Amino acid sequence: MKYRVSFLMLLGWITPAVFAAEIHIPADYSTIQAGIDAAVSGDTVIIADGTYTGAGNRNLDPGGKAITIQSENGPDACIIDCESAGRGFVIQTGETSSTVIEGLTVRDGHSSAEGGGAMITNSSAPVFRDCAFLSCTTSLAGGGVYVQNSDPEFRDCRFLNNHSGDDGGGLFLEGTCLVEITECHFQNNTGGTGAGACVYGNTVVTFTSCTLLENTGNNGGGIACREYANATVIDCTVYNNEAAFDGGG
């Protein structure tokens, strides 16, 4: 036993320490996706101020990694401009809450399928903090963000001027989801049912300290719940929303 302890101690002494790295865009890699591809779990991809366009700067996919993707100085200074040629983020590999996206604006995202600004599927649970989805569009559901069978968290995010050809102009949740939405702002989104946010299926969602303002749709201008959806609304402000038929707020 004495020799075994000594051997294990020796192994511990010679094993190199593993430290989380910072990867800077564009200093280290010319595109955001290249930086994400180079990252390993625990790393942080830091994006300098500016507007990022073109291939490698849209349809960003963390690939299941437990990494942080963040701006240097917040969403007003760091913009992912999709130029209506794709989404900002595609999160589809079972990411956990250790995948964090912070301080970014996704602008002019577009998809002919679901999710103009971002699509979150396949039991993924990323955290979005201090992000904005601005003027994103889709022909189907979820102009700003589309979530299916996933458990993301949105904190201090803005959904502004997004449009869906179907439901959920700002945000669309469907399938079996468990979603936390805290201190978020939904304004001037347009769509069919749930212009601000549409909650569908077996989704359980909590809106806490959110504002839904001036969203316009057919039913449920601010928030709409359909099928078996379960929404809890705590300390939220819902005003000046409009519906052509039922449920202005």
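Fair warning: this is a prediction, and the values are worked out from it, not measured in the lab. (Residues numbered from 1 in each chain as written. Predicted model: local features only at pLDDT ≥ 70, side-chain atom pairs only at ≥ 80, totals over all residues. Heavy atoms only, no water.)

**Quick word on the overall build of the protein chain**
- Check the secondary structure of the protein chain and you find two helices and 28 strands.
- In terms of C-alpha radius of gyration, the protein chain reaches 20 Å, essentially the compact-globule figure of 18 Å for 249 residues.
- If one aligns the C-alpha atoms of the protein chain with their principal axes, the spans along those axes are about 80 × 40 × 30 Å.
- For the protein chain, buried positions account for 49% of its 249 residues.
- For the protein chain, contacts bridging at least 24 residues in sequence account for 82% of all contacts bridging at least 6.
- Accessible area for the protein chain stands at about 10,800 Å²; split by element, carbon and sulfur atoms hold 49% of it.
- Positive and negative charge centroids in the protein chain, built from 10 and 28 side chains respectively, lie 11 Å apart. (Helix = DSSP H or I, 4+ residues; strand = E, 2+ residues; numbered from the N terminus. Rg over C-alpha atoms; globule rule 2.2 N^0.38 Å. Buried < 20%, exposed > 50% of the residue type's maximum accessible area, 1.4 Å probe, protein only. Contact = heavy atoms within 4.5 Å. Areas by Shrake-Rupley, 256 points an atom, 1.4 Å probe, with all protein chains shown as cover. Lys, Arg positive; Asp, Glu negative; His and termini not counted. Charge placed at Lys NZ, Arg CZ, Asp CG, Glu CD.)

**What to know about the sheet that holds strand 18 (residues 171-174)**
- Read across the sheet, six strands follow the order 6-10-14-18-21-25 without closing on themselves; strand pairing throughout is parallel. Each edge of the open sheet is held by one strand with a lone partner, namely strand 6 (89-91) and strand 25 (223-225). Neighbouring strand axes in the sheet, compared pairwise and without regard to direction, differ in orientation by 5 degrees on average. (Pairing = 2+ DSSP bridges. Axes fitted to C-alpha atoms, helices over the stretch in contact; angles between N-to-C directions.)

**Side note on the environment of Gln70**
- Turning to its location among the elements, Gln70 is positioned in strand 4 (residues 68-71).
- Expressed as a C-alpha distance, the spacing of Gln70 and His24, which sit 46 residues apart in the sequence, is 10.0 Å.
- The contact partners of Gln70, leaving out residues within four places of it in the chain, are Thr44, Val45, Ile46, Ile47, Glu102 and Leu104.

**Structural notes on unusual backbone geometry**
- Between Ile25 and the following residue, Pro26, the backbone shows a cis peptide bond with an omega angle of 5 degrees.
- As for its placement among the helices and strands, Pro26 is situated in the loop between strand 1 (22-25) and helix 2 (32-38).
- In this structure, Asp108 takes a positive phi of about 55 degrees despite not being glycine.
- Mapped onto the elements, Asp108 comes out in the loop between strand 8 (105-107) and strand 9 (110-111).
- Non-glycine residue Ser135 carries a positive phi angle of around 55 degrees.

**Brief notes about the pairing of strand 18**
- Burial along strand 18 is two-sided: Leu171 and Leu173 facing one way and Phe172 and Glu174 facing the other are all buried.
- Where strand 14 (residues 145-148) and strand 18 come together, four bridges link them in parallel fashion. Bridge pairing in strand 18 places Val145 opposite Leu171.

**So, the environment of Ile223**
- With respect to the helices and strands, Ile223 occurs in strand 25.
- Exposure remark for Ile223: the relative accessible area of 18% places this residue in the buried category.
- It is 18 Å that separates the C-alpha atoms of Ile223 and Pro152, two residues lying 71 residues apart in sequence.
- Not counting chain neighbours up to four residues away, the residues in contact with Ile223 comprise Ala197, Phe207, Leu212, Val233 and Gly249.

**Structural notes on the pairing of strand 4**
- Where strand 2 (residues 44-47) meets strand 4, four bridges bridge the pair, whose relative direction is parallel. Its bridge partner being in strand 4, Thr44 is matched across the sheet by Thr68.
- In this sheet, strand 7 (residues 100-102) lies alongside strand 4 in parallel orientation, the contact comprising three bridges. Looking at strand 7, one finds that Gln70 is bridged to Glu102.

**Re the sheet that holds strand 20 (residues 185-187)**
- The strand order 3-5-8-12-16-20-23-27 describes an open sheet built from eight strands, whose pairing is parallel. Because the sheet does not close on itself, it has two edges, and the strands there are strand 3 (50-52) and strand 27 (237-239). For this sheet, the mean angle separating the axes of adjacent strands, direction not counted, is 10 degrees.

**Some details on the pattern of salt bridges**
- Counted according to the given criterion, the structure contains six salt bridges.
- A salt bridge links Glu102 to Arg129, with the shortest nitrogen-to-oxygen separation between them at 3.2 Å. With Glu102 in strand 7 and Arg129 in strand 11 (residues 127-129), this pair connects stretches of sequence that are 27 residues apart.
- For Arg129, a relative accessible area of 32% gives the class partly exposed. (Salt bridge = Lys/Arg side-chain N within 4 Å of Asp/Glu carboxyl O.)

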